[in-house]
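# Close look at the chain arrangement
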Amino acid sequence: MTSDGTEQPTGIVDGDHHDAPEGTQSPETSLAPEASPEQADPSGVPTAGTGASGSGAGVLGGIAVVSAGLGLSSLIGNPLSDMLRARQEIVGQIEAGAGGGDQIEAFYGAPWHTTALVNGIIALVAAVVGGVVLLAYARRSDKRPWVTALAVGGVVLGLLGLLLAGGMYLDLFAAQPELPTAPQLGTGG
């Protein structure tokens, strides 16, 4: 009640809550309680406060995908190694046409070693990138298993690529071909 004896329209008298007349709401009841960012949304959609921690995992996940892709590329070949191998074959043909050097090395050995070198470099990059992602991701509290799996896959594929490239470069899997010796012609007699 006010000093003149009429009732307040807000429904509050001297700090006590009374029923407000129909159609009117008190200012305190008209305000809906705000949801805090920590409260989960029942629809399952993350709130604005949770997106920042997920974006770091997404970036690391993307880098892990790159690592796995590079590791796979080092095993099955890639356009860069194909292009450099073809270039080395042409250089070998030019050298052989000019009469210089070993033809087997020019036609076979140099292109083979170039391919092994390029694939080995790509495999090394894949293993290093996967290892860096694993180290960076190990410190995070919000781990996602797929990021770890892809990073481990990148490291393993990179290491396998390094082994195969090293074997190719050192001719462990197949020896470099050799020209057969020409038979000696007899000196008549």
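Residues numbered from 1 in each chain as written. Predicted model: local features only at pLDDT ≥ 70, side-chain atom pairs only at ≥ 80, totals over all residues. Heavy atoms only, no water.

## Some remarks on the pattern of salt bridges
Note the cut-off: For this document, the term salt bridge refers to a Lys or Arg side-chain nitrogen within 4 Å of an Asp or Glu carboxyl oxygen. Helix and strand assignments come from DSSP, with helices taken as H or I runs of at least 4 residues and strands as E runs of at least 2, each series counted from the N terminus. The buried label applies to any residue whose accessible area, calculated with a 1.4 Å probe on protein chains only, is under 20% of its type's maximum; exposed applies above 50%, and partly exposed to all values in between.
This structure, assessed with the given rule, holds two salt bridges. Arginine 85 serves as the salt-bridge partner of aspartate 82, at 3.4 Å between the closest nitrogen and oxygen. Remark: arginine 85 and aspartate 82 occur in helix α3 (residues 79–97); sequence separation between them is three residues, near one turn of the helix. With relative accessibility at 32%, the residue arginine 85 sits in the partly exposed group. Put simply, Asp82, Arg85 and Glu89 are held in one network by salt bridges that share partners.

## Brief notes about the confidence of the model for the protein
Threshold: Per-residue confidence from the predictor is reported as pLDDT, which spans 0 to 100. Residues are treated as being in contact if the distance between any of their heavy atoms lies within 4.5 Å.
Averaged over every residue, the pLDDT of the protein is 77; residues scoring 70 or more account for 68%. Of all helices and strands in the protein, the one with the weakest mean pLDDT is helix α1 (residues 27–30) (51), whereas helix α5 (residues 145–169) scores best (94). For the stretch residues 40–52, pLDDT sits under 50, and the model shows three contacts to residues farther than four places along the chain or on other chains.

## A look at unusual backbone geometry
Backbone geometry places aspartate 171, a non-glycine residue, at a positive phi of 55°. Considering the arrangement of structural elements, one finds aspartate 171 in the segment after α5. Given a relative accessible area of 22%, aspartate 171 falls into the partly exposed group.

## So, the environment of proline 145
For proline 145, the position within the fold is in helix α5. In sequence terms proline 145 and glycine 61 are 84 residues apart; their C-alpha atoms lie 9.9 Å from each other.

## Considerations on a nonpolar patch on the surface
Threshold: Patch membership needs two things, relative accessible area over 30% and no salt bridge, and members are linked within 9 Å if like-charged or within 5 Å if nonpolar (Val, Leu, Ile, Met, Phe, Trp, Tyr). Values of accessible area rely on a 1.4 Å probe in the Shrake-Rupley scheme; residue burial ignores everything except the protein chains shown.
Together, Leu117, Ile121, Val125, Leu164, Tyr169, Leu170, Leu172 and Phe173 make up an exposed nonpolar region whose accessible area comes to about 830 Å². Elements with a minimum of two residues in the nonpolar patch: α4 (103–138) and α5. The element best represented in the nonpolar patch is α4, accounting for three residues. By relative accessible area, leucine 172 is classed as exposed at 63%.

## What to know about α3
Turn by turn, an α-helix covers 3.6 residues, leaving residues three or four places apart pointing in a common direction. We apply this condition: Here a helix's expected span is defined as the number of its residues, less one, multiplied by 1.5 Å. This arc is taken over the directions from the axis of the helix to the C-beta atoms. Pairs of N or O atoms are called polar contacts if they sit within 3.5 Å, as long as, within protein, a hydrogen donor faces a hydrogen acceptor (for residues adjacent in sequence, only side-chain-to-side-chain pairs).
Here α3 contains 19 residues, and its C-alpha end-to-end distance of 27 Å stays within 8% of the 27 Å for a straight helix at 1.5 Å per residue. For α3, every residue scored as buried is listed here: Ser81, Gly92 and Ala96. Here the buried residues of α3 occupy an arc of 45° about the axis, which is enough to place them on one side. In α3, the exposed positions angled more than 90 degrees off the buried face are occupied by Pro79, Met83, Arg87, Ile94 and Gly97. Of the surrounding elements, those touching the buried residues of α3 are α4. Where α3 begins, the side chain of asparagine 78 points an oxygen toward the backbone nitrogen of leucine 80, at a separation of 3.2 Å. A positive backbone phi angle near 85° is found at glycine 99, which sits one or two residues after α3.

## Details of the packing of α3 against α4
Relative placement of two packed helices is described by the angle separating their axes and the distance separating the axes. The following threshold applies: For helices, the axis comes from a line fit to the C-alpha atoms of the stretch in contact; other axes are also lines fit to C-alpha atoms, and the angle between any two N-to-C directions lies between 0 and 180 degrees. Relative orientations are named as follows: roughly parallel for angles under 35 degrees, roughly antiparallel for angles over 145 degrees, roughly perpendicular for angles from 65 to 115 degrees, and oblique for any other angle. Helix crossings fall into two classes, left-handed where the near helix is turned counterclockwise from the far one by less than a right angle and right-handed where it is turned clockwise. In the scheme used here, Gly and all other residues not listed as nonpolar or charged are polar, with Ala, Val, Leu, Ile, Met, Phe, Trp, Tyr, Cys and Pro taken as nonpolar and Asp, Glu, Lys and Arg as charged.
Interaxial distance between α3 and α4 falls to 8 Å at its minimum, and their mutual angle equals 160°. In terms of axis orientation, α3 runs roughly antiparallel to α4. Where α3 crosses over α4, the handedness of that crossing is right-handed. Contacts from Leu80, Ser81, Leu84, Arg85, Gln88, Glu89, Gly92, Gln93 and Ala96 in α3 reach Gln103, Ala106, Phe107, Ala110, Pro111, Thr114, Thr115, Val118 and Asn119 in α4. Of the residues contributing to the contact of α3 with α4, the split by class is eight nonpolar, eight polar and two charged.

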